[in-house]
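# Summary of the model geometry
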Amino acid sequence: MQQKTLVSWLKAILVLFGLLFAVLLFLVVPFMGQQAISRTKEAAFLFWPCLVFIWILGIPICLMLREAWHVCCRIGAGRPFCPDNARSFVAIGQYSLLDCGLLFFGNVMLAAICLLRRLPVYPPAVPIFSLLLIFIGLAVAVAAATLSHLIYKASDLNEENQLTI
């Protein structure tokens, strides 16, 4: 596959993911929250705090998409193995770890609130799904750190090759 075609596909995937993520954050999640409130009226006070928290969880993901876009632009410019791409992957890994920590903290807080107020709002699917998301986030962080290391190594080899010519 040609480099420009590859970059075009990668950018299209990033745009599509960003659009789907925005629909999820701003349409699906509020709708599901309203559905949950209609079933459990005593938990209505949790709607806005949980919604804002989920929107905050979306910020690191948007920052990861921005870094991935920068990587695609550098690949398109013919610089796939540069230190800037390695730094972008480090940032992607850090944002992923930040999101994992925030998600874990949010689950602990929600469980504590539900226990203290004796609310039946916290179904078992929530911590299971959250643990799955945390696992995926940790896998993204490890993959990003690995790619960062490999790109740094390739960048060093590229510099050495340019110096010998």
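All chains use their own residue numbering, which begins from 1 and follows the written sequence. In keeping with the predicted nature of the model, local features appear solely for residues at pLDDT of at least 70, side-chain atom pairs appear and are counted solely at 80 or more, and the whole-chain, interface and lining totals rest on all residues. Note: side-chain values were computed over all heavy atoms of the structure, leaving out hydrogens and water.

### Topic: helix 4 (residues 125-164)
To be explicit about the condition: Each helix corresponds to a stretch of at least 4 residues labelled H or I by DSSP, and each strand to a stretch of at least 2 residues labelled E; elements are numbered beginning at the N terminus. The length a helix should cover is 1.5 Å for every residue beyond the first. Buried means the residue's accessible area, taken with a 1.4 Å probe over protein chains only, is under 20% of the maximum for its type, while exposed means over 50%, and partly exposed covers the values in between. Throughout, a contact is declared for two residues whenever any of their heavy atoms are within 4.5 Å.
Relative to the 58 Å expected for 40 residues at 1.5 Å per residue, helix 4 spans 58 Å between its end C-alpha atoms, a close match to the ideal helical length. Looking only at helix 4, the buried set comprises S130, I134, G137, A141, A144, S148, I151 and S155. Turning to helix 4, the residues buried within the fold contact helix 3 (83-117).

### Quick notes on the nonpolar core
The condition that has to hold: Note on terminology: a nonpolar core comprises buried Ala, Val, Leu, Ile, Met, Phe, Trp, Tyr and Cys residues joined through side-chain atoms within 4.5 Å.
Counting 13 residues, the largest nonpolar core has L14, F89 and I92 as its most contacted members. Counting only elements with at least two residues in this core, the list comes to helix 1 (3-39), helix 2 (47-76), helix 3 and helix 4. Of all the elements, helix 2 adds the most residues to this core, at six residues. Residues within four places of F89 in sequence aside, it is in contact with V71, A144, L147, S148 and I151. Formed by five residues, the second largest nonpolar core is a distinct cluster that contains A43, L110, C114 and L119.

### Notes on the packing of aromatic side chains
Worth spelling out the cut-off: Centre distance within 6.5 Å is the pairing criterion for rings of Phe, Tyr and Trp, where only the six-membered ring of Trp is used; planes under 30 degrees apart are then read as stacked, over 60 as edge-to-face, and the remainder as tilted.
The final tally for this structure, using the stated rule, is four aromatic pairs. Taking the centre distance of 6.1 Å and the plane angle of 5° together, the rings of F17 and F21 count as stacked. With F17 and F21 both in helix 1, this residue pair falls four residues apart, about one helical turn. With a centroid separation of 5.2 Å and an interplanar angle of 80°, the aromatic rings of F47 and W48 are classed as edge-to-face. The exposure class assigned to F47 is buried, which follows from its relative accessible area of 11%.

### Some points on the pattern of salt bridges
Formally: Salt bridges are defined by distance alone: a side-chain nitrogen of Lys or Arg within 4 Å of a carboxyl oxygen of Asp or Glu.
This model, assessed by the stated rule, comprises three salt bridges. Across the pair E67 and R66 runs a salt bridge, and its minimum N-O distance is 3.2 Å. Given a relative accessible area of 40%, R66 falls into the partly exposed group. D84 is the partner of R87 in a salt bridge, and the nearest nitrogen-oxygen pair spans 2.5 Å. Residue R87 and its partner D84 are located together in helix 3, separated by three residues, close to a single helical turn. Overall, R87 belongs to the partly exposed group, its relative accessible area being 44%. Each of the salt bridges in this network shares a partner with another, and the network as a whole consists of R79, D84 and R87.

### Looking at helix 3
For helix 3, with 35 residues, the first-to-last C-alpha span of 51 Å sits near the 51 Å given by 1.5 Å per residue. Remark: R118 follows helix 3 within two positions and exhibits a positive phi of approximately 55°.

### What about the confidence of the model for the protein chain?
Which entries qualify depends on this criterion: The pLDDT value tells you how sure the predictor is about a given residue, anywhere from 0 up to 100.
With 98% of its residues at a pLDDT of 70 or more, the protein chain has an overall mean of 92. Within the protein chain, helix 2 carries the highest mean pLDDT (96), whereas helix 4 carries the lowest (91).

### Concerning the environment of N85
Mapped onto the elements of the fold, N85 is located in helix 3. A relative accessible area of 0% means that N85 is categorised as buried. The spacing of N85 and L102 is 17 residues in sequence and 26 Å in space, taken between C-alpha atoms. Contact partners of N85, with chain neighbours within four places excluded, come to H70, V71, R74, I75, R79, P80 and I151.

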